[in-house]
Amino acid sequence: MAEVTTTTTIAFAAQSAYHIRTQLPPALSKPCIGIICGSGLGGLAETLHSSPQFEISYTKIPNFPHSTVVGHAGKFVFGLLGEKKTPVVMMVGRVHFFEGHSIEKVTFPTRVMKLLGISTIIVTNAAGGLNPAYSVGDMMIINDHINLPGLSGAHPLRGPNNDSWGPRFPALSDAYDLELRKVVHQSYKKLPGTTETRKLHEGVYVFVSGPSYETRAECRMLKMMGADCVGMSTVPEIIVARHCGLRVLAMSLVTNKSVLEEGPRGDAVLVEGKDVGELKGVMEMGKANHEEVLETGKEAAKDMQALIKQFVDDISG
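Throughout, residues of each chain are indexed from 1 in the direction in which the sequence is written. The predicted origin of the model limits local features to residues at a pLDDT of at least 70 and limits the giving and counting of side-chain atom pairs to 80 or more, whereas totals for whole chains, interfaces and linings rest on all residues. Calculated side-chain values reflect all of the structure's heavy atoms, with hydrogen atoms and water omitted.

S.K.: Please clarify how the environment of G117 should be interpreted in this entry.
M.R.: Assignment of secondary structure puts G117 in the loop between helix 2 (103-115) and strand 5 (120-129). Its relative accessible area of 46% is what places G117 among the partly exposed residues. Spatially, the C-alpha atoms of G117 and V88 are 10.0 Å apart, while their sequence positions differ by 29 residues. The contact definition used throughout considers only heavy atoms, calling two residues in contact when any of these lie within 4.5 Å. Residues contacting G117, with those up to four places away along its chain left out, are P31 and C32. Note on conventions: DSSP H or I runs of at least 4 residues are helices, E runs of at least 2 residues are strands, and numbering of each starts at the N terminus. The buried label applies to any residue whose accessible area, calculated with a 1.4 Å probe on protein chains only, is under 20% of its type's maximum; exposed applies above 50%, and partly exposed to all values in between.

S.K.: Help me understand the packing of helix 1 (residues 9-21) against helix 2 in this model?
M.R.: Relative placement of two packed helices is described by the angle separating their axes and the distance separating the axes. Remark: helix 1 packs on helix 2, axes separated minimally by 9 Å, with the N-to-C direction vectors making an angle of 55°. As far as their axial angle goes, helix 2 and helix 1 are oblique. Our pair here, helix 1 against helix 2, has a crossing hand that is right-handed. Note on element contacts: helix 2 touches helix 1 through F108, R111, V112 and L115, opposite T9, F12, A13, A14, S16, A17, I20 and R21. Here the nonpolar group is Ala, Val, Leu, Ile, Met, Phe, Trp, Tyr, Cys and Pro; Asp, Glu, Lys and Arg are the charged ones; every other residue, Gly included, is treated as polar. Its residues assigned to classes, the contact of helix 1 with helix 2 shows eight nonpolar, two polar and two charged. Every axis corresponds to a line fitted to the C-alpha atoms, with the helix fit spanning only the stretch in contact, and the corresponding angles, defined between N-to-C directions, vary from 0 to 180 degrees. Under this scheme an angle from 65 to 115 degrees is roughly perpendicular, one under 35 degrees roughly parallel, and one over 145 degrees roughly antiparallel; angles in between are oblique. Two helices that cross are described as forming a left-handed crossing if the nearer one is turned anticlockwise from the farther one by less than a right angle, and a right-handed crossing if clockwise.

S.K.: Any chance you could explain empty space enclosed by the protein here in plain terms?
M.R.: Regions of empty space are outlined by a rolling probe, equal in size to a water molecule, passed over the atoms. Detection works on a 1 Å grid of protein atoms alone, calling trapped sets that fit a 1.4 Å probe cavities and calling open sets with protein on both sides within 12 Å along at least five of seven lines pockets, with lining residues defined by an atom within 4 Å of a point. Grid points are joined across faces, edges and corners, and a volume is the space filled by probe spheres set on the points. Under the counting rule described, the total for this entry stands at three cavities of 30 Å³ or more. Within this model, the second largest cavity holds a volume of roughly 40 Å³. As for the second largest cavity, its lining consists of I35, I36, C37, L41, L44, T124, M304, Q305 and I308. Breaking the lining of the second largest cavity down by element, the ones donating at least two residues are strand 1 (33-37) and helix 10 (290-315). Here the residues of the lining of the second largest cavity are counted per class, giving seven nonpolar, two polar and no charged.

S.K.: In this structure, what is going on with the environment of N63? I would like to understand it.
M.R.: The topology assignment puts N63 in the loop between strand 2 (54-57) and strand 3 (75-81). For N63 and S16, which are 47 residues apart along the polypeptide, the C-alpha to C-alpha distance reads 6.5 Å. Distance and chemistry together define a polar contact, namely a pair of N or O atoms within 3.5 Å, with one atom able to donate a hydrogen and the other to accept it when in protein, and with adjacent residues in sequence counting only for side-chain atoms on both sides. Only 3.0 Å separates the side chain of N63 from the backbone oxygen of F12, close enough to count as a polar contact. There is a polar contact of 2.9 Å between the side chain of N63 and the side chain of Q15.

S.K.: Whenever I open this one, the pattern of salt bridges confuses me. Can you help?
M.R.: Once their charged atoms are close, side chains differing in charge can pair, the charge on each being opposite to the other. The salt bridge definition used is simple: a Lys or Arg side-chain nitrogen within 4 Å of an Asp or Glu carboxyl oxygen. All chains considered together, the criterion is met by eight salt bridges. For R247, the salt bridge is made with D177, and the minimal N-O distance between the two is 2.9 Å. Taken together, the positions of R247 in strand 9 (residues 247-257) and D177 in the loop between helix 3 (148-151) and helix 4 (178-189) put the pair 70 residues apart, joining distant regions of the chain. On the basis of relative accessible area, R247 is assigned to the partly exposed category, the value being 34%. Since its relative accessible area comes to 17%, D177 is described here as buried. R181 serves as the salt-bridge partner of E202, at 3.0 Å between the closest nitrogen and oxygen. One end of the pair, E202, is in strand 7 (residues 200-207); the other, R181, is in helix 4, with 21 residues separating them in the sequence. Residue class for E202 comes out partly exposed when judged on its relative accessible area of 30%.

S.K.: Any chance you could explain the UniProt feature "binding site: a purine D-ribonucleoside" (unreviewed entry) in the protein here in plain terms?
M.R.: UniProt positions are given in the numbering used here, feature names are shortened, and annotations may be inferred rather than shown by experiment. UniProt feature "binding site: a purine D-ribonucleoside" (unreviewed entry): in the numbering of this structure it lies at E214 and N256. For the residues just named, distributed over 43 residues, the greatest C-alpha separation is only 11.9 Å, placing them together at one site. In this structure, E214 sits in the loop between strand 7 and helix 6 (216-224). Setting aside anything within four residues of it in sequence, one finds E214 in contact with V208, C219, L222, V230 and M232. In this structure, N256 sits in strand 9. A relative accessible area of 6% means that N256 is categorised as buried.

Structural data, given as structure tokens:
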């Protein structure tokens, strides 16, 4: 894909959307909801009705960025979701800033989905839990965010603004739709057994660029800033979605608990006369890894999928 700049983004997105639209069956030509599936959550596409259904690899779409992360298949899947057979488009595998893509490329798929006709976007992710009250496997509805890369210049709206897409200075104080958040809480209560196995929270998500997981000191800093979960995605997509007028629901699946405790000090080890090997377990405890994230995603995926299906039914006319 050629480098996407602010002045060429719309033309590239229009080409991509046209390429996809010409291949869609009539029943799927007007998706009203876009769903971005986070790490380990791509199985949601398997809950679509078997027919009609259409999928296309990112590699087959002109101008489209390619996903390189394990657990992200890299394809659009169109189909009908839930009992009300709502037409949706699912992004099974997203692209990330840490993969080397520009922030414009990361948000490019959101623009394409807007051109395909969606009015609401559901964004999911796997995240580390900073809030001590959150357990692995819990879910969090995002009601606000902290955009660390964006505050330092890596912002998806940086550069000349195209007024046909949205305002130069969009407000984000209402980014996370209150009505949609209310509905998803109601949807959660309709799911048998889910409320007993995992909790549904609401909180603040902090976006960091990655790909390294956060240090102990960084986790404590992020928690002090008011964040409940931390991850490497979602916020750039949310900003572009709001800029172009989409309603937003975003959810995190807590796949690991961030380590907030300070590690043992080297001078303390000397004073206490302990062998470093004895403390290795302390240093390893709680250490995050991508395999753990994917495995936890698999275990909790069915509940997340059931919640999204119920939510889509509840908001569909």
